[in-house]
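Take a look at the letters that make up each chain.
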Amino acid sequence: MSIVPASVRLLITVVAIGAALLGSASASLAKEKSTPPNIILVFIDDAGFADFPYFKDKRPRTPNIDRLCDEGLRFTQFYVNSPICSPSRAAFVTGQYPSRWGITSYIAASQENARRGMRDWLDPAAPSLARMLQQAGYATGHFGKWHLGGGRDVTAPPISDYGFDESLTQFEGMGDRILPLLDNYDGKPPVKFPLGIASEKLGQGEVRWVERSQETSEFVKPAINFIERAAAAGKPFYVNVWPNDVHTPLHPPKELRGDGSKRELYLGVLENMDRQLAPLFEFIRNDEQLSQNTIILVASDNGFEPGAGSAGDLRGSKGTLYEGGFREPLVVWGPGVLDAEAAGKTNDLTVLSSFDVVASLLTIAGVDAPTDAKLDGEDLSAALLGAEQPQRTKPLYWVRPPDRPGQRRNNLPDLAIRSGNWKLLTEYDGSEPQLYDLVADPNERKNLAAEHPERVDALRRDLLQWHRTAALNDNPTPAKHP
């Protein structure tokens, strides 16, 4: 019997361990590839930066979202790509600047869209996160507000044209939808919301009228049913749950109306929405397999409406290019997918936008975007998963909705760029610059433009070049889809 020298035995042991680790890693990667994570995006309407999680009030208003934050990861430098709903949503659907598709403000009636140079709907030819995931084998569902075409007097393509297997929306979209009944608790019967009446006349799907205070539940129930069927079929799923009850008209249940002021109604709606989202969160959390392979993201589509929500100390509100207009809360939950050390942590360093989230989710799902998609986002998946705190390599740009708030009432900046810690705001022609160091002055109180003229010039050139090329003008030629 030969004796193996100790040095050789050590080498054999190291090789064996290395092979085992490589085998384990390969098996893990194979498992990840064969079982891509499920994704749920909860996109709340008109909630401000300080409205969740941990809203400071007399009582907890969003305990269910707060719990996701306790178990997941919070981002404090997350930006949507517009301070108003339709373009903000377009960025999350396409992974691109919404102005590439002629959407610079909220989609309204056709005459109003034409006056503002707006398209009547998002072109179905645009890239779509849902379609990319659908083509990779995901079951895809949209439940909630759409507002990318359909409603008022516009019959638009159905939501299914954008890569969704199923959908249920409200009065700003086509396909099956629920329409709001408004109960003012004044002894009179609930009334039909006028925009809902206009939507009902368009047809194009099954229509049901429901009490506005119960709309989120009406989206959550079919979302859970969709998830159950996808799981039973062994398919990963991507599901949008986009509540719109935090948007005016604000109609919380009677017991949550407070003194009836706009602020109290808003707080009541926020609390009621959180209650209605709880069954979705609990369904995922209480399922052993789903809880370990599902990512839930919760964010808001744009800043708060004055008199209702809050951005804390941040300047600005919905429709403006100050931080309060588009810097939003973002919570990412996924105990079986996120880095174990990320639970309960806050990422204050990574600057990321909606379309960065799109690019990152594609990476996490193991899906390659089509080569001709030309997504504007960067892969910051390491940040979303809590493994690292990477930074964008390119600036972020914004164009103000030309009609919100009106230029006649406020001479607000029209364009904005954030590059590193610096943010520049200007008029369309680059005049009246405002320069802020967002690390030293996140509330944008001290304009440093006069102190840093060279930085202003460099950022302004970049911003105006972007506006000429990647974005349409503030009043582009109306482009109607066939």
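Before reading on, note that the structure itself is shown above.
As the structure is a prediction and not an experimental result, all values here were calculated from the model. (Residues numbered from 1 in each chain as written. Predicted model: local features only at pLDDT ≥ 70, side-chain atom pairs only at ≥ 80, totals over all residues. Heavy atoms only, no water.)

A.B. asks: How should the sheet that holds strand β16 (residues 434-437) be read in this particular structure?
C.D. replies: The strands that make up a sheet pair up through hydrogen bonds in the backbone, lying either parallel or antiparallel. The antiparallel open sheet is built from four strands, whose spatial order is β13-β14-β15-β16. The sheet terminates laterally at β13 (396-399) and β16, the two strands that pair on one side only. For this sheet, the mean angle separating the axes of adjacent strands, direction not counted, is 15°. Of the pairings in the sheet, the one linking strand β15 (residues 422-426) to β16 comprises four bridges and is antiparallel in character. (Pairing = 2+ DSSP bridges. Helix = DSSP H or I, 4+ residues; strand = E, 2+ residues; numbered from the N terminus. Axes fitted to C-alpha atoms, helices over the stretch in contact; angles between N-to-C directions.)

A.B. asks: Just checking my understanding: could you explain the nonpolar core for this structure?
C.D. replies: Generally speaking, a soluble globular protein has its nonpolar side chains buried in company with each other. With 79 residues, the main nonpolar core has F75, F78, L133, Y238, L297, L330 and L384 as its most contacted residues. Ranked by residues supplied to this core, first place goes to helix α11 (residues 354-365) with seven residues. Excluding its chain neighbours within four sequence positions, the residues that come into contact with Y238 are I39, L41, L129, A130, L133, Y138, A139, T140, G141 and F164. Counting residues in hydrophobic clusters, the runner-up holds 42 residues, among them I44, I224, V241 and V269. (Core = buried A, V, L, I, M, F, W, Y, C linked by side-chain atoms within 4.5 Å. Buried < 20%, exposed > 50% of the residue type's maximum accessible area, 1.4 Å probe, protein only. Contact = heavy atoms within 4.5 Å.)

A.B. asks: Is there a simple way to explain the pattern of salt bridges in this structure?
C.D. replies: Oppositely charged side chains may form a pair once their charged atoms are brought near each other. Under the criterion given, the structure shown has 26 salt bridges. Of the charged contacts in the structure, one is a salt bridge between E166 and R229, with a shortest N-O distance of 2.7 Å. In this pair, E166 sits in strand β4 (residues 166-168) while R229 sits in helix α7 (residues 215-232), placing the two residues 63 residues apart along the sequence. For the salt bridge of K423 with E323, the shortest nitrogen-to-oxygen distance reads 2.9 Å. One end of the pair, K423, is in strand β15; the other, E323, is in helix α10 (residues 323-326), with 100 residues separating them in the sequence. Given a relative accessible area of 0%, K423 falls into the buried group. The exposure class assigned to E323 is buried, which follows from its relative accessible area of 0%. The structure contains a network of salt bridges with shared partners spanning D45, R89, K145 and D301. (Salt bridge = Lys/Arg side-chain N within 4 Å of Asp/Glu carboxyl O.)

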